[in-house]
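For reference, the chains in residue letters:
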Protein chains: 2
Amino acid sequence: MTPQDSHADTAARVWQGMRAFVLELYDRRKEAGDALDMSFVRAKALRYVGLEPMTMRQLTAILATDAPYTTVVVDDLERRGLVERSVHPGDRRVKIVTATEAGKAAAAVVQAIMDRPPPPMLDLDPADLAALERIIATLVGESAPQEPST
Amino acid sequence: MTPQDSHADTAARVWQGMRAFVLELYDRRKEAGDALDMSFVRAKALRYVGLEPMTMRQLTAILATDAPYTTVVVDDLERRGLVERSVHPGDRRVKIVTATEAGKAAAAVVQAIMDRPPPPMLDLDPADLAALERIIATLVGESAPQEPST
DNA sequence: CTCAATAGTTGTACGTCTATAACGTTTGTA
DNA sequence: TACAAACGTTATAGACGTACAACTATTGAG
């Protein structure tokens, strides 16, 4: 907060702090992968499929990869008995990926690791946490459309 | 905010929202790499070396990789004329990596891309932004020690 | 001086992810 | 019926990152 501190300067500083908090101090991606002995992309795929069955195409979009790699990932998860493929009733071209019971359990493990709030966040006093919740909701809500592509 | 909403539940929800904001909506790592036509790890290395010269060992710690890969990364940056190696005066085992002028310029590009605040953050009203700055400072400040290793 | 420890490099192997082309199957349309 | 489009798979090549072993040069302690 220097004398000439502009709104944009403050925003930049806040953004840097938030990035450091999420990416440097409490990035759980490695931990999630290690817990299931698989790469993070596979764990991420399983996490989403565990929430609800989806098509290969939808999964490809979530993983932000291409179709062939999604095949590889789902092949691997299927070999581990964590997901199953079935044909979409009504369009036999489409495959639906569903988590097995074991898959849902593993997905829940990933979810728990990712969602576990960092200690400093738990240490916030209730008023600050409530304020933060409201502001984060604003940020995320306003971001429905992805960032304009570069 | 359900009737039985606990502090921990709220924190978990806020954490998820913050993660989504940083990692899903405004992850700039790919953009940074593309801008310099190099992998993100190289861009990250350059960004830090651009701030201040450091030893290979320090750079290895920042990149969270091992020494051999740091050698590969610095070799590449050196081949591009973006950094230079020099011997540490006082300990000839140690090499100091310094950004050239071109390297500093490229580092600034990366820095600018990473630090550019997302539009929704700029759209916050000043009071909310100030509150957010204070809370983020608390979170990051309290996080000096890394998360207890798994 | 001797020797263990440190910093960095070289080489190798592997898992992971990206990207592209080609293919079979199925669908919907002309 | 013929044909273009969509969905998923197979195959391949290559960049990227991780991990480990072995090596040189240098330093500092005994």
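Just so we're clear, the structure is a prediction, and the values are computed from it rather than from any experiment.

Student: Just to check I follow, could you spell out the overall build of chain A for this structure?
Tutor: Along chain A, the regular secondary structure elements total eight helices and three strands. Tracing chain A from N to C terminus, the helices and strands come up as α-α-α-β-α-α-β-β-α-α-α. Taking 150 residues into account, the globule formula puts the C-alpha radius of gyration at 15 Å, and chain A, at 19 Å, lies well above it. When the 150 residues of chain A are sorted by exposure, 46% land in the buried category. Within chain A, contacts between residues at least 6 apart in sequence are counted, and of these 55% link residues at least 24 apart. Working note: accessible area of chain A is about 7,800 Å², and carbon and sulfur atoms make up 56% of it.

Student: Which parts of the structure should I look at to understand the interface of chain B and chain A?
Tutor: How large an interface is tends to be reported as the accessible area lost when its parts come together. Across the contact, 53 residues belong to chain B and 53 residues belong to chain A. In total, about 5,400 Å² of surface goes out of reach between chain B and chain A, with carbon and sulfur atoms giving 65% of it. The interface formed by chain B and chain A includes four salt bridges. A salt bridge links Arg134 of chain B to Asp128 of chain A, with the nearest nitrogen and oxygen atoms 3.1 Å apart. Viewed at the interface, chain A and chain B are joined by twelve residue pairs in polar contact (both at pLDDT 80 or more). When contributions to the side of chain B that touches chain A are tallied by element, the ones reaching two or more residues are helix H1 (7-25), helix H2 (29-36), helix H3 (40-51), helix H6 (101-115), helix H7 (119-122) and helix H8 (126-141) of chain B. Examining the composition of the side of chain B that touches chain A, we find that 17 residues originate from one element, H1 of chain B, more than from any other. Residues that form the side of chain B that touches chain A fall into these classes: 29 nonpolar, eight polar and 16 charged.

Student: Please clarify how the protein's contact with DNA strand D should be interpreted in this entry.
Tutor: Neighbouring DNA strand D are 21 residues, the closest being Arg57, Thr71 and Arg85 of chain A together with Asp66 and Tyr69 of chain B. Sugar plus phosphate, as a fraction of atoms of DNA strand D within 4 Å of the protein: 73%. Between DNA strand D and Lys95 of chain A there is a distance of 3.3 Å, counted from a phosphate oxygen to a backbone nitrogen or oxygen. When contributions to the surface near DNA strand D are tallied by element, the ones reaching two or more residues are helix H4 (56-63) and helix H5 (67-79) of chain A together with H3 and helix H5 (67-79) of chain B. Ranked by residue count, the leading element in the surface near DNA strand D is H5 of chain A, at four residues. Counted by class, the surface near DNA strand D contains seven nonpolar, four polar and ten charged residues.

Student: I tried to follow the relation of the copies chain B and chain A on my own but got confused; where do I start?
Tutor: Between the two copies of the chain lies a rotation about an axis combined with a shift along it. You can overlay chain B on chain A at an RMSD of 0.0 Å; the transform is a turn of 180° with a shift of 0.0 Å along its axis. The operation mapping one copy onto its partner corresponds to a two-fold rotation axis. A share of 100% of interface residues in chain B that are also interface residues in chain A marks the association as one of identical surfaces.

Student: Looking at this model, I keep getting lost on the pattern of salt bridges. Mind explaining?
Tutor: When the charged atoms of two side chains with opposite charge come close together, those side chains can pair. Evaluated as defined, the whole model comprises 24 salt bridges over all chains. Across the pair Arg80 of chain A and Asp76 of chain A runs a salt bridge, and its minimum N-O distance is 3.3 Å. You can call Arg80 of chain A partly exposed: its relative accessible area is 37%. The exposure class assigned to Asp76 of chain A is buried, which follows from its relative accessible area of 12%. Here Arg13 of chain B ties to Glu133 of chain A by a salt bridge, and the two come within 2.7 Å at their closest N and O atoms. Of this pair, Arg13 of chain B sits in helix H1 while Glu133 of chain A sits in helix H8 (residues 126-141), on two different chains. Among the charged side chains, a salt-bridge network with shared partners connects Arg42, Asp76, Arg79 and Arg80 of chain A.

Student: Any chance you could explain the sheet that holds strand S3 (residues 95-99) of chain A here in plain terms?
Tutor: Where strands meet in a sheet, backbone hydrogen bonds hold them as pairs that are either parallel or antiparallel. All names here are of chain A. Pairing in this open sheet of three strands is antiparallel, and the strands run S1-S3-S2 from one edge to the other. Strands with a single pairing partner mark the edges of an open sheet, and in this sheet they are strand S1 (54-55) and strand S2 (83-87). Where S2 lies against S3, five bridges are found, and the strand directions are antiparallel. The residue bridging Val83 from the neighbouring strand is Ala99, located in S3. Running at roughly 90° to S3, helix H3 (residues 40-51) makes contact with S1, S2 and S3 of the sheet.

Student: So what exactly am I meant to see when it comes to the protein's contact with DNA strand C here?
Tutor: Neighbouring DNA strand C are 21 residues, the closest being Ser39 and Tyr69 of chain A together with Arg57, Thr71 and Arg85 of chain B. Across the atoms of DNA strand C situated within 4 Å of the protein, the share located in sugar and phosphate is 70%. Ser39 of chain A places a polar side-chain atom, nitrogen or oxygen, 2.8 Å from a phosphate oxygen of DNA strand C. Listing elements by their share of the surface near DNA strand C, those giving two or more residues are H3 and H5 of chain A together with helix H4 (56-63) and H5 of chain B. Tallying contributions element by element places H5 of chain B first for the surface near DNA strand C, with four residues. Among the residues forming the surface near DNA strand C, the class breakdown is seven nonpolar, four polar and ten charged.

Calculation rules
Residues numbered from 1 in each chain as written. Chains lettered and ligands numbered in written order. Predicted model: local features only at pLDDT ≥ 70, side-chain atom pairs only at ≥ 80, totals over all residues. Heavy atoms only, no water. Helix = DSSP H or I, 4+ residues; strand = E, 2+ residues; numbered from the N terminus. Rg over C-alpha atoms; globule rule 2.2 N^0.38 Å. Buried < 20%, exposed > 50% of the residue type's maximum accessible area, 1.4 Å probe, protein only. Contact = heavy atoms within 4.5 Å. Areas by Shrake-Rupley, 256 points an atom, 1.4 Å probe, with all protein chains shown as cover. Buried area = accessible area lost by both parts, 1.4 Å probe. Salt bridge = Lys/Arg side-chain N within 4 Å of Asp/Glu carboxyl O. Polar contact = N/O pair within 3.5 Å; in protein donor to acceptor, adjacent residues only side chain to side chain. Nonpolar A, V, L, I, M, F, W, Y, C, P; charged D, E, K, R; others polar. Near = heavy atom within 4 Å. Least-squares fit on C-alpha atoms with pLDDT ≥ 70 in both. Pairing = 2+ DSSP bridges. Axes fitted to C-alpha atoms, helices over the stretch in contact; angles between N-to-C directions.

In short, shape yes, function no, at least from these values alone.
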